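Each chain is listed here by its residues.
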Amino acid sequence: MLPLNHVASANALEGAEKVWKATVEPRVDPDVSKNLPPTIEQLANVHPEENHSSGLNRHERFRVWKYLEDLVKDGPAYFRKFCQQLGNPEMVEAIPIKKTTQIPMAAMDVKPSSPGENGDALKKIFQQSGVGDPKDTIPGTKDPKDTIILVCGDLLTGQHLQSLIDSRSAEDTSWRQLKNVNFNLGLFHLKMACADTIYKTFIVPKDGRLDKTSLMALVALLRPKETGKIESNPGFRRMHEVILHVGTALRLDVWRLAALSEDSKLEDLEAFASTKPTWESLVSMAQKMVRDYSSPRDMKEYRETCMENERDMQHENVQIMHTYFLWYEEMTWALNHGDIGRVESLFGPWMFIFRGCGKHKYAAEMRRYLETIHFIYPKELSQAIRMNILCNPTGKKDGFRGIDWLVEHNNLYIKRIYGGKYSNHQKERIITKSVLIELYKRVRLQFETMFRLDHKTTRHTSPDMAASFRQLMAHIAREKANKFIKGRTTNYEVPDVMEKGMSVIL
């Protein structure tokens, strides 16, 4: 259980019956129906753009910052001096920073693989929290009456809960109909879906691995011992690191080409650093790079109208890779820094990408979120959900995580860290001790402090990628991945799934 933070009114979660009716039958309420159904343009502009002196929109300005960050943090040592000027991207709408406290619940011996089993899990959760219908549950249970209970989980959990709610429509009380339950998609699983989309777009097609500029060819240089695993089932963490590291190397090579276009003698970034460029000149160069390399264009129309011998098919694939990697980088940054406004502004592009690559349920859930939060729910409820859809277990500015991430984190501590070993690693013991994980953690921290062991940690430092980046950048430069070579062909044209999704939705 997590406390509700950043809520203006104590009544923000009141009105479960009204909210349920507005969600199920939104056109009955005239105040709600006048805004329904919202168009895609309305959903994409829930956070309107403001004019900027650079002429770039907020997503392009983030890409400018990302290019600069790659150069400052992973380029030659000279550029480290610009760390202070680099700063952070602008916030669209930030969740206030406050360390999240939690009340761990006992683990449950339930496999929530069906609507009924999810109902059993909810029942046990409500019993532990002391909430429910006093007539049906333990004496002393508090009746929530018309209060909304926010529930967070992955997409499958949401589908099971919706099926469960639909099946309870004939029950005689609001509690039994589950009208108090309000489901919200866990954003950690959404981020995992974003990484999986890139995997399915660039790695799953076998012909897409053959070009020397393909993502798989670049991965083989970074992780030569893991190519089989990445081709078959990389998992989220491995794919996440692939996107970050390959994207950084590609963007650093773009810096090399930009410097070369300024002066033909500057063959690498070290030579560029020796000219001691100013911060203002770097910003100007980054803005030009974003316009030339990373701004999405109608690739389908370009491919259909341009003659094959006039195209560079491999360069087109790399441009699509640039674009999708930067969409992922922006989503990752926004989630980690609690910029809920930027996260919502990214729902539009990712909705198109999901629809284009076949993740229709994620696209539908993102659309449902935007419609309910910005066009159906009362403002106080919408604000309460938006300010609490991410938590901050560390209380740091970059420490925001999805609620479902915290659930997975607790599972790790319950089953592995404090779950016992050998004969003690038993289901009954794990369930019994699961409510004590916060106590165990505090005791461990106290002992580390008492014996001056604060430097001990299970968190690994970031790997030194300098040598790997140099090797990867040398390959990218040798194969001219970021350079247009007229008439260059490819074994596989990477589809622009974002454009495909737009054509389906629009």
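This report concerns the structure included in the present document. (Residues numbered from 1 in each chain as written. Predicted model: local features only at pLDDT ≥ 70, side-chain atom pairs only at ≥ 80, totals over all residues. Heavy atoms only, no water.)

In this section: the nonpolar core. Ranked by size, the top nonpolar core spans 114 residues in total, and within it Leu215, Val246, Trp255 and Trp350 carry the most contacts. Take this core: its biggest share by element is 13 residues, from helix α11 (residues 235-262). If we ignore the near neighbours within four places in the chain, the residues touching Val246 are Leu215, Leu218, Val219, Leu222, Phe325 and Leu472. Counting twelve residues, the second-largest nonpolar core is a separate cluster that includes Leu122, Val131, Leu161 and Leu164. (Core = buried A, V, L, I, M, F, W, Y, C linked by side-chain atoms within 4.5 Å. Buried < 20%, exposed > 50% of the residue type's maximum accessible area, 1.4 Å probe, protein only. Helix = DSSP H or I, 4+ residues; strand = E, 2+ residues; numbered from the N terminus. Contact = heavy atoms within 4.5 Å.)

This part is about helix α22 (residues 466-479). Side chains of residues three or four places apart in an α-helix project in the same direction, reflecting 3.6 residues per turn. With 14 residues, α22 should reach 20 Å at 1.5 Å per residue; the first-to-last C-alpha distance of 20 Å fits that figure. Those residues of α22 that sit buried are Phe469, Leu472, Met473, His475 and Ile476. One face of α22 carries all of its buried residues, which in axial projection span an arc of 160°. Seen from the buried face of α22, the exposed residues on the opposite side, beyond 90 degrees, are Arg470 and Arg478. Count one or two residues on from α22 and you reach Lys480, which has phi positive near 55°. (Expected span 1.5 Å × (residues − 1). Arc of directions from axis to C-beta.)

Inspection of the entire model under this criterion finds 34 salt bridges. Here Lys66 makes a salt bridge to Glu329, at a shortest N to O gap of 3.5 Å. Of this pair, Lys66 sits in helix α4 (residues 58-74) while Glu329 sits in helix α15 (residues 313-336), and the two are 263 residues apart along the sequence. Of the two residues examined, Lys66 and Glu329, each falls in the buried class. Across the pair Arg256 and Asp253 runs a salt bridge, and its minimum N-O distance is 2.8 Å. With Arg256 and Asp253 both in helix α11 and three residues apart, this pair spans about one turn of that helix. Just as Arg256 is buried, Asp253 falls in that class too. Where salt bridges share partners, they join Lys66, Glu69, Asp70, Lys73, Arg251 and Glu329 into one cluster. (Salt bridge = Lys/Arg side-chain N within 4 Å of Asp/Glu carboxyl O.)

So, on to the pairing of strand β1 (residues 149-153). Here β1 shows a buried face lined by Ile149, Val151 and Gly153 and an unburied face lined by Leu150 and Cys152. Two strands pair when backbone bridges link them, and β1 and strand β2 (residues 181-185) are joined in this way by five bridges, in the parallel orientation. Within β2, the position partnered with Val151 by the bridge is Phe183. You can see the chain leave β1, run along helix α7 (residues 155-167) and come back into β2, and the turn it takes is right-handed. (Pairing = 2+ DSSP bridges. Right-handed = clockwise from strand over helix to strand, strands pointing away.)

The interhelical angle for the contact between helix α19 (residues 403-417) and helix α21 (residues 437-450), taken along N-to-C directions, is 75°, at an axis separation of 10 Å. Between α19 and α21, the crossing angle belongs to the class labelled roughly perpendicular. For the pair α19 and α21, the contacting residues are His409, Asn410, Tyr413 and Ile414 in the first and Ile437, Lys441 and Arg444 in the second. Residues that form the contact of α19 with α21 fall into these classes: three nonpolar, two polar and two charged. (Axes fitted to C-alpha atoms, helices over the stretch in contact; angles between N-to-C directions. Parallel < 35°, antiparallel > 145°, perpendicular 65-115°, else oblique. Nonpolar A, V, L, I, M, F, W, Y, C, P; charged D, E, K, R; others polar.)

Together, Leu439, Val443, Phe447, Met450, Phe451 and Leu453 line one region of the surface with nonpolar side chains, adding up to about 580 Å² of accessible area. Within the element layout of this structure, Phe451 appears in the loop between α21 and α22. (Patch = residues over 30% accessible without salt bridge, like charges linked within 9 Å, V, L, I, M, F, W, Y side chains within 5 Å. Areas by Shrake-Rupley, 256 points an atom, 1.4 Å probe, with all protein chains shown as cover.)

Counting buried positions along helix α9 (residues 215-222) gives six out of eight residues, so the element sits mostly inside the fold. For α9, the complete set of buried residues consists of Leu215, Met216, Ala217, Leu218, Val219 and Leu222. At its buried positions, α9 is contacted by α8 (187-202), α10 (227-232), α11, α15 and α22.

Looking now at the packing of helix α13 (residues 279-294) against α15. For the pair α13 and α15, interaxial distance at closest approach is 9 Å and the crossing angle is 120°. Our classification of the angle between α13 and α15 gives oblique. In this structure, α13 uses Asp292, Tyr293 and Ser294 to contact α15, whose residues at the interface are Gln319, His322, Thr323 and Leu326. Grouping the amino acids of the contact of α13 with α15 by side-chain chemistry returns two nonpolar, four polar and one charged.

Take the side chain of Asn388 next. Take Asn388: it is sitting in helix α18 (residues 379-388). In this structure Asn388 comes out as buried when scored by relative accessible area, which is 14%. Those residues in contact with Asn388 that sit more than four places away from it in its chain are Pro3, Leu4, Asn5, Val7 and Ile403.

In the Ramachandran plot, Leu178 falls in the positive-phi region, its phi being about 60° despite a non-glycine side chain. Accessibility expressed as a relative area gives 9% for Leu178, which makes it buried. In this structure, Tyr422 takes a positive phi of about 55° despite not being glycine. Considering the arrangement of structural elements, one finds Tyr422 in the loop between α19 and α20 (427-433). You can call Tyr422 exposed: its relative accessible area is 77%.

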